[in-house]
Amino acid sequence: MSRIELFREKLKECNLEGFVLYNMEASNRSSSWYLSGFSGSFSVLIVTPKDEYIVTDSRYFTQAEMETKFKLIPYRNGDELKDIIRTTLARDGASRVGFEEETISVGFYNRVFSQLGVELKPADDLLKDMRMVKTPEEVEKIKLAVKIAEDALTETLNFVKPGRSEEEICASLEYEIRKRGGNLAFETIVGSGPRSAIVHGRPSERKLREGDFLLIDYGARVNGYNSDITRTYCIGDPTEEMARVYATVLKAQTEAKNAAKAGVVGSRLHEVAASIIGEAGYGEFFGHGLGHSLGMDTHDGPGLSPKNNDPIPAGAVITIEPGIYLPGKFGVRIEDDCYFCENEIEVLTNLDRELKIL
Ligand code: GLY
Ligand code: MN
Ligand code: MN
């Protein structure tokens, strides 16, 4: 069944006759791309009982013809979006219409959605649930994003040594990703020494010194799919405490991976890692969730947080990324991308995890 056919099945199950998906300044690019194939920054997708349409402006007429089978409705200067959507829905007989309340503003709801003259029903879960379960083709795309990211970091590690700044390391890594045809999945995190304890730290001018941890959290976006990887390296020999913390994070990650498979409840896997970190005495220094769904967005859906009491479906790709962050001292995180199968996971990331001294 094609993606749009599956989506139509879901519309039926929800007793909906149509759907409108709004994407402005890339606000909802991933879902629009996922459903229609169109990768531009402005689109309104309209699904009716009769057809599928894409509204976009002249920047994207050619691209829309190339990327999607949805019928193009040109949006020209002076047109009113609400009139285009209203007349399309009415002409095709869609009066119960789904939309995403989480991805539009109150202003847009008031100006456009509230004026469509149809019965509106929030249906954010339709695409979210579909996107969470990856097809084998999607997993291949994530694998390519992983490969480009891993090759880029492997190359950059040749350049890492005391005296290099976090910004220089970040610039090298991003250049190596771009050179291989990737874009950035998100703002690259590079933190060294005490700055490695800043969970999502921006790279600074700080230069690496002997005895630092170097935490790098980064990813490549390739053909719309992301990788998200963290490795923590040691510059010179670690102290005994650094080695202990690193070993604890690695153990937490390994045990969580061993317990991971489709059907396991998200919060339960978080607990596997959190209890190992807690028993080692660092519980208060692991404040974030163990992982998140990964795909066309880096944070693509729910994952392994204490709040997620749902089972992880077969086909999900989820990060497993425990960390310990000691403010003013150092931080360690190890993050892998994992494909959840019936009886186990396939770990899509391959870079070494044993403590590496650079
Ligand atoms: N880099 C963001 C994250 O790991 O969730
Ligand atoms: Mn990450
Ligand atoms: Mn992550």
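Rules used throughout
Residues numbered from 1 in each chain as written. Chains lettered and ligands numbered in written order. Predicted model: local features only at pLDDT ≥ 70, side-chain atom pairs only at ≥ 80, totals over all residues. Heavy atoms only, no water. Pairing = 2+ DSSP bridges. Helix = DSSP H or I, 4+ residues; strand = E, 2+ residues; numbered from the N terminus. Near = heavy atom within 4 Å. Polar contact = N/O pair within 3.5 Å; in protein donor to acceptor, adjacent residues only side chain to side chain. Areas by Shrake-Rupley, 256 points an atom, 1.4 Å probe, with all protein chains shown as cover. Nonpolar A, V, L, I, M, F, W, Y, C, P; charged D, E, K, R; others polar. Buried < 20%, exposed > 50% of the residue type's maximum accessible area, 1.4 Å probe, protein only. Expected span 1.5 Å × (residues − 1). Contact = heavy atoms within 4.5 Å. Axes fitted to C-alpha atoms, helices over the stretch in contact; angles between N-to-C directions. Parallel < 35°, antiparallel > 145°, perpendicular 65-115°, else oblique. Left-handed = near helix turned anticlockwise from the far one by under 90°. Donors = N, O, S within 2.8 Å, 3.2 Å for Na, K, Ca; no water. Tetrahedral: all angles 85-135°; square planar, octahedral: opposite > 155°, others 65-115°. Salt bridge = Lys/Arg side-chain N within 4 Å of Asp/Glu carboxyl O.

Draft legend 1. Here's a closer look at the sheet that holds strand S10 (residues 220-222). The strand order S7-S10-S11 describes an open sheet built from 3 strands, whose pairing is antiparallel. Each end of this open sheet is capped by a strand with a single partner; those strands are strand S7 (183-184) and strand S11 (225-226). Summarising the sheet, S10 and S11 pair through 2 bridges and their orientation is antiparallel. Bridging from a neighbouring strand, Val222 pairs with Tyr225 of S11.

Draft legend 2. Structural view of the site of ligand 1. Neighbouring ligand 1 are the residues Phe186, His200, Asp217, Asp228, His292, His299, Glu321 and Glu335. Measuring from an oxygen atom of ligand 1, one finds a side-chain N or O atom of His292 at 3.0 Å. With respect to ligand 1, the side chain of Glu321 contributes an N or O atom lying 3.0 Å from an oxygen atom. Here ligand 1 has 190 Å² of accessible area as a free molecule, and 94% of this is covered by the chains. Taken together, the residues that form the shell around ligand 1 break down as 1 nonpolar, 3 polar and 4 charged.

Draft legend 3. Layout of the pairing of strand S12 (residues 229-235). S12 sits mainly inside the fold: 7 of its 7 residues count as buried. Of the two faces of S12, the one holding Ile229, Arg231, Tyr233 and Ile235 and the one holding Thr230, Thr232 and Cys234 are both buried throughout. Direction of pairing for strand S9 (residues 212-218) relative to S12: antiparallel, over a ladder of 7 bridges. Paired with Asp212 across the bridge in S12 is Ile235.

Draft legend 4. Structural context of helix H10 (residues 266-279). The terminal C-alpha atoms of H10 lie 20 Å apart, and with 14 residues this matches the ideal 20 Å at 1.5 Å per residue to within 8%. Residues of H10 that are buried include every one of Gly266, Ser267, Leu269, His270, Val272, Ala273, Ala274, Ile276 and Ile277, and no others. If you follow the buried residues of H10, they end up packed against helix H9 (240-259), strand S14 (323-326) and strand S16 (336-340). Downstream of H10 by a residue or two, Gly281 has a phi angle that is positive, lying close to 95°.

Draft legend 5. View of the packing of helix H7 (residues 136-157) against helix H8 (residues 166-179). Taken N-terminus to C-terminus, the directions of H7 and H8 make an angle of 135°; their axes are 8 Å apart at the nearest point. One finds that H7 runs oblique with respect to H8. Seen along the crossing, H7 lies across H8 with a hand that is right-handed. Across from Ile148, Ala152, Leu153, Glu155 and Thr156 in H7, the residues of H8 making contact are Ile169, Ser172, Leu173, Glu176 and Ile177. Residues of the contact of H7 with H8, tallied by class, amount to 6 nonpolar, 2 polar and 2 charged.

Draft legend 6. Focus on the coordination of the manganese ion (ligand 3). Note on the manganese ion (ligand 3): its protein donors are Asp228 (OD), His292 (NE2), Glu321 (OE) and Glu335 (OE). The metal-donor distances range over 2.0 to 2.2 Å. Expressed as a motif, the donor residue spacing for the manganese ion (ligand 3) is D-x63-H-x28-E-x13-E. In this structure the manganese ion (ligand 2) is found 3.2 Å away from the manganese ion (ligand 3), and Asp228 serves as a bridging donor for the pair. Of this pair, Asp228 sits in the loop between S11 and S12 while Glu321 is found in the loop between strand S13 (317-320) and S14, placing the two residues 93 residues apart along the sequence. The exposure class assigned to Asp228 is buried, which follows from its relative accessible area of 3%.

Draft legend 7. Up close: the coordination of the manganese ion (ligand 2). Binding of the manganese ion (ligand 2) to the protein goes through Asp217 (OD), Asp217 (OD), Asp228 (OD) and Glu335 (OE), at separations of 2.0 to 2.5 Å. Seen from the manganese ion (ligand 2), its 6 donor atoms lie at angles of 55 to 167°, and the figure they make is irregular. All donor residues of the manganese ion (ligand 2) come from one chain, and their arrangement in sequence is D-x10-D-x106-E.

Draft legend 8. Structural detail: the pattern of salt bridges. Considering all chains together, one arrives at 26 salt bridges under this definition. Residues Asp51 and Lys71 are paired through a salt bridge, measuring 2.3 Å at the closest nitrogen-oxygen approach. Of this pair, Asp51 sits in the loop between strand S2 (43-47) and strand S3 (52-56) while Lys71 sits in strand S4 (residues 71-74), and the two are 20 residues apart along the sequence. Looking at Lys71, the relative accessible area reads 44%, which means it is partly exposed. A salt bridge links Arg91 to Asp92, with the shortest nitrogen-to-oxygen separation between them at 3.4 Å. You can call Arg91 exposed: its relative accessible area is 53%. Linked through salt bridges whose partners overlap, the residues forming this network are Arg131, Lys134, Asp297 and Asp300.

That's the geometry; what it means functionally is another story.
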